[in-house]
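Okay, here's what each chain looks like letter by letter:
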Amino acid sequence: MNPLDNLSVYDIILASGSPRRRELLGLLDIPFRVDTSHPVDETVPEGMAPELVPAHLSTVKAMAYPLDGPGNPLVITADTVVILDGEVLGKPADEAAAIAMLAMLAGKTQKVVTGVTIRSREHTETWSCMSEVEFGQLSQEEIEYYVKKYRPLDKAGAYGIQEWIGAAAIKEIRGSFYNVMGLPVHRLYRALKEL
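Only a predicted model underlies this, so the values are computations on that prediction, with no experimental measurement involved.

Participant: So what's going on with the packing of helix H3 (residues 95-105) against helix H4 (residues 140-150)? Residues and values would help.
Facilitator: Contact geometry for H3 and H4: axes closest at 10 Å, N-to-C directions at 135°. As judged from the angle between their axes, H3 and H4 are oblique. Along this stretch, H3 crosses H4, giving a crossing that reads as right-handed. Where H3 abuts H4, its residues Glu 95, Ala 98, Ile 99, Leu 102 and Ala 103 lie against Gln 140, Ile 143, Glu 144, Tyr 146, Val 147 and Lys 148. Per-class residue counts for the contact of H3 with H4 are seven nonpolar, one polar and three charged.

Following this line, the structure appears as structure tokens:
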């Protein structure tokens with residue numbers, strides 16, 4: 001028996017196009033489907049603290065899903081940001097932006113914050129998880145190699161910890177590894193178990 005059999009009453013929807021989030025939610029051995037048909041404006045209120053941005057955006061994404069249709073939907077949304085020196089590093093616009101971001105991250109420690117929202121007809125819950133990631137030094141050649149081979153344009157901070165750069169450049173992680181990938185699965189598992 002799956003420890004999350006309490007979820008069998010729900011139609012679980014992962015409202016994210018991220019293949020990494022799909023993979024991570026799949027680790028929990030629960031049936032779910034991906035639905036990205038309700039895009040939202042991801043503009044952040046001016047002056048919002050960087051650490052609050054992911055929870056705000058995951059809530060906005062969850063609230064965009066109508067729950068009045070057939071079945072018993074349970075929507076899971078998430079948003080991840082990389083924060084360096086109090087500034088949010090989002091997804092790079094192009095290769096040049098990715099190279100510039102990685103040059104900024106080299107030799108420094110950053111925060112990775114993921115906000116997660118679970119929403120059903122009876123329950124809405126949002127929380128954030130923070131990890132610290134310390135990068136070693138990276139040469140221009142190493143940065144360009146990674147960006148050209150792995151094209152991390154769909155990733156906050158222009159990197160995926162599960163890729164080459166995680167093995168070659170990340171010295172230390174304090175906090176959840178999976179959070180850095182985009183979904184703090186342990187915390188999510190505990191929250192889903194309590195529904």
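On we go from here.
Participant: Report on the pattern of salt bridges, specifying residues and quantitative values.
Facilitator: Tallied over the full model, the rule gives 12 salt bridges. We note a salt bridge from Glu 95 to Lys 148, for which the minimum N-O separation is 3.3 Å. With Glu 95 in helix H3 and Lys 148 in helix H4, this pair connects stretches of sequence that are 53 residues apart. On the accessibility criterion, Glu 95 (23% relative accessible area) is partly exposed. Here Lys 148 falls in the exposed class, since its relative accessible area comes to 51%.

Participant: So what's going on with a nonpolar patch on the surface? Residues and values would help.
Facilitator: Residues Leu 27, Phe 177 and Tyr 178 make up a contiguous nonpolar surface patch of roughly 280 Å² in combined accessible area. One can find Leu 27 in the loop between helix H1 (19-26) and strand E2 (33-34). Among the residues examined, Leu 27 registers a relative accessible area of 47% and is labelled partly exposed.

Participant: Please set out the packing of aromatic side chains residue by residue, giving values where relevant.
Facilitator: Two aromatic rings are characterised by how far apart their centres lie and by the angle between their planes. Counting across every chain of the model gives five aromatic pairs. Ring centres of Phe 135 and Tyr 159 lie 5.0 Å apart, and the angle between their planes is 80°; this geometry places the pair in the edge-to-face category. Of this pair, Phe 135 sits in strand E6 (residues 124-135) while Tyr 159 sits in the loop between H4 and helix H5 (164-169), and the two are 24 residues apart along the sequence. With respect to class, Phe 135 is no different from Tyr 159; both count as buried. For the pair Tyr 146 and Tyr 150, a centre-to-centre distance of 5.3 Å together with 25° between the ring planes defines the contact as stacked. Of this pair, Tyr 146 and Tyr 150 both sit in helix H4, separated by four residues, roughly a single helical turn. Judged by its relative accessible area of 0%, Tyr 146 falls in the buried class. On the accessibility criterion, Tyr 150 (29% relative accessible area) is partly exposed. Members of the aromatic cluster, each reached through a chain of ring pairs, are Tyr 145, Tyr 146, Tyr 150 and Trp 164.

Participant: Just give me the short version of unusual backbone geometry, but keep the residues and values in it.
Facilitator: A positive phi angle is found at Asp 29, which is not glycine, with a value near 60°. Note on placement: Asp 29 falls in the loop between H1 and E2. Exposure remark for Asp 29: the relative accessible area of 60% places this residue in the exposed category. In this structure, Arg 151 is a non-glycine residue whose phi angle is positive, near 45°. For Arg 151, the location among the structural elements is in the loop between H4 and H5.

Participant: Requested: an account of the environment of Asp 35, with residues and values cited.
Facilitator: On the secondary structure map, Asp 35 appears in the loop between E2 and helix H2 (53-63). Taking relative accessible area as the criterion, Asp 35 reaches 16% and is therefore assigned buried. Counting along the chain gives 18 residues from Asp 35 to Val 53, while the straight-line C-alpha distance between them is 22 Å. Residues within four places of Asp 35 in sequence aside, it is in contact with Ile 13, Leu 14, Ala 15, Ser 16 and Tyr 65.

Participant: If you had to explain the side chain of Ser 120 to someone new, which residues and values would you point to?
Facilitator: Position of Ser 120 among the secondary structure elements: in the loop between strand E5 (109-119) and E6. Judged by relative accessible area, which is 4%, Ser 120 ranks as buried.

The rules behind these values
- Residues numbered from 1 in each chain as written.
- Predicted model: local features only at pLDDT ≥ 70, side-chain atom pairs only at ≥ 80, totals over all residues.
- Heavy atoms only, no water.
- Axes fitted to C-alpha atoms, helices over the stretch in contact; angles between N-to-C directions.
- Helix = DSSP H or I, 4+ residues; strand = E, 2+ residues; numbered from the N terminus.
- Parallel < 35°, antiparallel > 145°, perpendicular 65-115°, else oblique.
- Left-handed = near helix turned anticlockwise from the far one by under 90°.
- Contact = heavy atoms within 4.5 Å.
- Nonpolar A, V, L, I, M, F, W, Y, C, P; charged D, E, K, R; others polar.
- Salt bridge = Lys/Arg side-chain N within 4 Å of Asp/Glu carboxyl O.
- Buried < 20%, exposed > 50% of the residue type's maximum accessible area, 1.4 Å probe, protein only.
- Patch = residues over 30% accessible without salt bridge, like charges linked within 9 Å, V, L, I, M, F, W, Y side chains within 5 Å.
- Areas by Shrake-Rupley, 256 points an atom, 1.4 Å probe, with all protein chains shown as cover.
- Phe/Tyr/Trp six-rings, centres within 6.5 Å; stacked < 30°, edge-to-face > 60°.

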